[in-house]
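# Structure at a glance
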Amino acid sequence: MPTWTVHGGKKLKGKLKIQGAKNAVLPIMAASILGGGTSRLVNCPQLSDINASVDILRHLGCKVSCRDNEIIIDSDNVCKCHIPHTLMLKMRSSVMYMGAILARMGEVRLSRPGGCELGSRPIDLHLKALKTLGAEISEERGEVCCRAKQLRGAHIHLDFPSVGATENAMLAACAAEGETVITNAACEPEIVDLQNFLRCKGAQISGAGSSVIRISGFRPRKFACHRIMADRIAASTYLCAAASCGGDVLLDDAIANYFYTVITSLRSMGCDIICGSNYVRIKSSGRLKAGRPIVTKPYPGFPTDSQSLMMAACLKAEGTSVFVENIFENRFRHVPEMRRLGADIRTEGRVAMVSGVERLSGAPLNASDLRGGAALVLAGLIADGETCVYDTGHIDRGYENFAYALSSLGADIKRI
Ligand code: EPZ
């Protein structure tokens with residue numbers, strides 16, 4: 001089991017280029033099969049989730065070459081519409097292929113993605129959107145099957161601004177006859193990045209970033225090239241690390257607007273943060289005070305993916321910090337692990353109260369999900385002595401060379 005050792009107490013200093021965004025490149029890789037042709041994606045992070053997506057593309061019949069942070073996908077020979085359970089299991093976001101394969105092949109069959117560490121995570125909104133476009137949906141032996149001779153443009157209203165359902169609807173609507181309008185759509189920056197890629201591919205699409213998205217046609221182009229946006233959650237992670245450890249860190253290729261709620265929260269805790277057009281610099285003494293309550297919401301609200309990271313930064317902050325997790329029903333799994341370091345955290349349902357403590361002491365901890373795992377590493381960076389974080393494979397799903405990046409800023413962290 002991959003394990004990291006962390007020795008706390010080091011201030012962080014230096015410059016770090018932020019990786020490309022996992023939650024942007026995954027739906028874009030699925031979109032690359034629309035209309036065939038070749039897609040060149042640059043600034044792609046090197047992550048285990050990306051490898052899982054490459055396996056799915058190759059299974060479907062694509063030629064895929066990966067070198068450093070560049071992926072080239074030739075989807076002319078896509079010939080399958082079924083994703084085996086073994087590939088679906090590797091990555092929950094493989095559900096993104098549902099809309100893309102339906103649009104490309106007129107049929108898709110894949111196993112219903114189970115829940116994950118964060119909660120039940122149903123796909124009812126995804127299926128409702130595809131049904132609205134005219135797809136017939138059936139379920140056999142744990143597999144979802146969607147078929148449509150011809151998808152028809154329609155008004156899709158999402159009951160909740162789900163990121164995944166918005167993306168699946170955008171992908172399927174590219175093959176629909178007539179205009180599709182998605183209302184109450186998710187507004188995350190990754191949706192805008194997907195729109196930009198779809199335009200490169202030949203889609204007539206507008207409105208991403210707002211709650212109303214319009215798709216009015218698709219004339220496939222033979223070649224599309226796209227640079228993946230910077231990862232706002234990875235940037236938030238390094239910002240929280242620098243805030244709680246203390247120090248002076250510059251994050252290069254970080255777009256402040258994309259994670260401004262995290263920046264304003266850290267400023268309210270006493271950090272000095274400067275935002276440039278494509279960089280963010282933080283100076284912190286490491287002695288923080290509790291800030292405004294952290295209430296997770298769909299974008300532009302506080303991102304649920306940064307909740308555990310911010311909690312790590314609050315463990316030694318003077319006063320009591322309040323967290324309300326509105327998006328996922330089971331996203332406090334890092335709390336019992338943080339308590340093993342001596343953190344003072346009380347939870348009641350979706351609310352957590354963190355009372356800052358003077359000291360934390362290193363301990364063995366288990367990572368149970370991607371962001372929770374990264375938060376345990378951040379907590380180890382401010383604990384006395386050695387912390388061992390087990391099962392760090394979760395972290396490799398979303399962070400490129402996490403241990404190396406932190407040690408380049410002066411952290412004492414090693415993979416064993
Ligand atoms: C995306 O997941 C991200 N993943 C998640 O990041 C992120 O936490 C989430 O959006 C919210 O911001 C990717 O982009 C690959 P949702 P997604 O559909 O699309 C409920 C990370 O750490 N819901 O917006 O699965 C659902 O159960 C990951 O990088 C339904 O009820 O999120 C959840 O409570 C973790 N029915 C809420 O909506 C549906 O059909 C938000 O889910 C769909 C969703």
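Residues numbered from 1 in each chain as written. Predicted model: local features only at pLDDT ≥ 70, side-chain atom pairs only at ≥ 80, totals over all residues. Heavy atoms only, no water.

## Overview of the environment of A224
Residue position: A224 is located in strand β14 (residues 223-227). Using a relative accessible area of 1% as the deciding quantity, one classes A224 as buried. Through-space distance from the C-alpha of A224 to that of G202 is 8.7 Å; in sequence the pair is 22 residues apart. Leaving out residues up to four positions away in the same chain, A224 has contacts with T38, S39, R40, F197, C200 and K201. (Helix = DSSP H or I, 4+ residues; strand = E, 2+ residues; numbered from the N terminus. Buried < 20%, exposed > 50% of the residue type's maximum accessible area, 1.4 Å probe, protein only. Contact = heavy atoms within 4.5 Å.)

## Re the pairing of strand β9 (residues 143-147)
A regular strand places its side chains on the two faces of the sheet in alternate fashion. In terms of residue burial, β9 counts as a mostly covered element, since four of its five residues are buried. Two elements, strand β7 (residues 107-111) and β9, share five bridges in a ladder whose sense is antiparallel. Bridge pairing in β9 places S111 opposite E143. When strand β8 (residues 136-140) meets β9, the two strands line up antiparallel, connected through five bridges. From the neighbouring strand, E136 faces β9, where its bridge partner is R147. Connecting β8 to the antiparallel partner β9 that follows it, the hairpin turn spans two residues, and R141 within it adopts a positive phi of roughly 50°. (Pairing = 2+ DSSP bridges.)

## Description of the pairing of strand β20 (residues 344-348)
Sheet topology places β20 next to strand β21 (residues 351-355); five bridges connect them, and they run antiparallel. For T347, the partnering residue across the bridge sits in β21 and is A352. As consecutive antiparallel partners, β20 and β21 are separated by two residues, and within that stretch G349 has a phi angle of approximately 60°, a positive value.

## Considering the site of the ligand
Near the ligand, the surroundings consist of 21 residues, among which D124, L125, S162, D305 and I327 are the closest. D305 places a side-chain nitrogen or oxygen 2.6 Å from an oxygen atom of the ligand. Bound to the protein, the ligand loses 86% of the 830 Å² it would expose on its own. Of all elements in the fold, only α1 (22-31), α5 (124-132), α6 (163-173) and α12 (370-381) reach the threshold of two or more residues within the shell around the ligand. Looking at the shell around the ligand element by element, the count peaks at three residues for α5. In terms of residue class, the shell around the ligand is built from nine nonpolar, six polar and six charged. (Near = heavy atom within 4 Å. Polar contact = N/O pair within 3.5 Å; in protein donor to acceptor, adjacent residues only side chain to side chain. Areas by Shrake-Rupley, 256 points an atom, 1.4 Å probe, with all protein chains shown as cover. Nonpolar A, V, L, I, M, F, W, Y, C, P; charged D, E, K, R; others polar.)

## Some words on the nonpolar core
Counting residues in hydrophobic clusters, the biggest one holds 76 residues, and the most contacted among them are M29, I83, Y97, M98, I182, L198 and I213. Beyond its immediate stretch of four places on either side in the chain, M29 contacts L41, I50, S53, V54, L57, I71, I73 and Y97. Counting residues in each nonpolar core, the second largest holds 74 residues, with L365, A403, L409 and A411 among its members. (Core = buried A, V, L, I, M, F, W, Y, C linked by side-chain atoms within 4.5 Å.)

## A word on helix α8 (residues 232-245)
Compared with an ideal rise of 1.5 Å per residue, which puts 14 residues at 20 Å, α8 spans 20 Å between its outermost C-alpha atoms and is within 8% of the ideal. Buried residues dominate α8, accounting for 14 of its 14 residues. For α8, the N-terminal capping position is held by D231, with its side-chain oxygen 2.9 Å away from the main-chain nitrogen of I233. Two residues or fewer past α8, G246 is found with a positive phi of approximately 85°. (Expected span 1.5 Å × (residues − 1).)

## Comments concerning the sheet that holds strand β16 (residues 272-275)
Pairing is mixed in the open sheet, where four strands are placed in the order β2-β15-β17-β16. Of all strands in the sheet, those with a lone pairing partner are β2 (12-17) and β16, marking the two edges. Across the sheet, the axes of successive neighbouring strands diverge by a mean angle of 10°, strand direction being ignored. Note: strand β15 (residues 247-252) against strand β17 (residues 279-284), six bridges, orientation antiparallel. (Axes fitted to C-alpha atoms, helices over the stretch in contact; angles between N-to-C directions.)

Read these as spatial facts, not as claims about activity.
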